[in-house]
Amino acid sequence: MLSEADAIARLCTACGLCCNGVLFADVELQAGDDVAALEKLGLPVKRLKTKTKMPQPCAAFDGCLCRHYEQRPGHCQKFECLQLIKVNRGETTTGSALTHIQQARRLAERAEQFLEELGHNRRDLPLSQRYRRCVRAAERGDWTGEQLEALAELQMSVHKLTALLQREFYP
Ligand code: SF4
Ligand code: SF4
């Protein structure tokens, strides 16, 4: 069985779904997080009435790794997705976890492609938010048959992705 550090190295560097706006729309900061230090690193922080959040896709994510791993918020330090938990417990293999990661990444990329085709190309926003905006625009708009076909493909990809994330990633 892989050590916990090895599992993180193998899975997380091939994944990034908990940093890139696919699993989460933001990271909620907790007592103990140094908000000023995070801002000093150039990370955007949103102060709401009762919560403080870092929006996702995270500005610290470089497509593969966290640029500020040592200073990452407490939530990021504690979070383990179901695949990582199962690998660490010996309940699944690294190969199987990597297959789930690849499937999820493929579905997310497919959804991204349809969103861009439909003019929703703000990759700085979380996938769920872009998807909702796109569906609302479709409900308001006078869309062509081609656009409606792309929307149907998008909905199919998001539906499959959501089911996969619920089943295999959210702990
Ligand atoms: S979703 Fe899981 S495997 Fe992917 S980066 Fe996050 S903790 Fe690692
Ligand atoms: S701070 Fe690092 S670990 Fe946390 S969401 Fe951003 S990239 Fe991921």
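Quick note: structure is the one above.
Residues numbered from 1 in each chain as written. Chains lettered and ligands numbered in written order. Predicted model: local features only at pLDDT ≥ 70, side-chain atom pairs only at ≥ 80, totals over all residues. Heavy atoms only, no water.

A. Quick peek at the overall build of the chain. In terms of regular secondary structure, the chain is built from 7 helices and 3 strands. The principal-axis extent of the C-alpha atoms belonging to the chain is close to 50 × 40 × 25 Å. Looking at the 171 residues of the chain, the share that counts as buried comes to 40%. Of all intrachain contacts in the chain linking residues separated by at least 6 positions in sequence, the fraction that spans at least 24 positions is 66%. In the chain, 24 side chains carry a positive charge and 22 a negative one; their mean positions are 4 Å apart. (Helix = DSSP H or I, 4+ residues; strand = E, 2+ residues; numbered from the N terminus. Buried < 20%, exposed > 50% of the residue type's maximum accessible area, 1.4 Å probe, protein only. Contact = heavy atoms within 4.5 Å. Lys, Arg positive; Asp, Glu negative; His and termini not counted. Charge placed at Lys NZ, Arg CZ, Asp CG, Glu CD.)

B. Fine view of the site of ligand 1. Within the structure, ligand 1 sits among L11, C12, C15, G16, C18, L23, C81 and L84. Residues that form the shell around ligand 1 fall into these classes: 7 nonpolar, 1 polar and no charged. (Near = heavy atom within 4 Å. Nonpolar A, V, L, I, M, F, W, Y, C, P; charged D, E, K, R; others polar.)

C. Molecular detail of the sheet that holds strand 1 (residues 26–28). Strands sit in the order 1-3-2 across an open sheet of 3 strands; the sheet is antiparallel. Bordering the open sheet on either side are strand 1 and strand 2 (46–47), each of which pairs with just one other strand. Pairing of strand 2 with strand 3 (residues 52–55), which is carried by 2 bridges, proceeds in the antiparallel orientation. Across the sheet, residue R47 finds its bridge partner in strand 3, namely T52. (Pairing = 2+ DSSP bridges.)

D. Main features of the state of the cysteines. Evaluated as defined, the whole model comprises 0 disulfides. The structure places no disulfide on C64, whose sulfur is separated from the nearest cysteine sulfur, that of C12, by 10 Å. (Disulfide = S-S within 2.5 Å.)

E. Representation of helix 4 (residues 82–89) in the model. Counted residue by residue, helix 4 has 6 buried out of 8 residues, so it is predominantly covered. Of all the positions in helix 4, only L82, Q83, L84, I85, V87 and N88 are classed as buried. Looking one or two places after helix 4, you find G90, whose phi comes out positive at around 75°.

F. Up close: the site of ligand 2. All residues in the neighbourhood of ligand 2 are listed as C19, V27, M54, Q56, C58, A60, F61, C66, P73 and C76. Of the pockets mapped on this structure, ligand 2 occupies the largest pocket. Across the shell around ligand 2, the residue classes break down as 9 nonpolar, 1 polar and no charged. (1 Å grid on protein atoms, 1.4 Å probe; cavity = no way out; pocket = protein on both sides within 12 Å on 5 of 7 lines; lining within 4 Å. Sits in = over half its atoms within 2 Å of the grid points.)

G. Main features of helix 5 (residues 94–117). The first and last C-alpha atoms of helix 5 sit 34 Å apart over 24 residues, in line with the 34 Å expected at 1.5 Å per residue. Listed in full, the buried residues belonging to helix 5 are T94, A97, L98, H100, I101, A104, L107, A108, A111, E112, F114 and L115. (Expected span 1.5 Å × (residues − 1).)

H. Main features of unusual backbone geometry. Residue P57 is bonded to the preceding Q56 through a cis peptide linkage, with omega at 0°. In this structure, P57 sits in the loop between strand 3 and helix 3 (74–78).

I. Region of the structure containing the packing of aromatic side chains. Counted under the stated rule, the structure contains 2 aromatic pairs. The interplanar angle of 85° and the centroid separation of 5.1 Å between the aromatic rings of F24 and F79 together place this pair among those described as edge-to-face. Of this pair, F24 sits in the loop between helix 1 (4–12) and strand 1 while F79 sits in the loop between helix 3 and helix 4, placing them 55 residues apart in sequence. F79 carries the same exposure label as F24, and that label is buried. Aromatic side chains F24 and Y170 sit 6.2 Å apart centroid to centroid with 65° between the ring planes, which places their arrangement in the edge-to-face category. In this pair, F24 is assigned in the loop between helix 1 and strand 1 and Y170 in the segment after helix 7 (145–168), connecting sequence segments 146 residues apart. Through a chain of ring-to-ring contacts, the aromatic side chains of F24, F79 and Y170 assemble into a single cluster. Sitting above the plane of the Y69 ring, R72 keeps its charged end 3.7 Å from the centroid. (Phe/Tyr/Trp six-rings, centres within 6.5 Å; stacked < 30°, edge-to-face > 60°. Lys NZ or Arg CZ within 6 Å of the ring centre and 35° of its normal.)

All we've got here are geometric facts, nothing functional implied.
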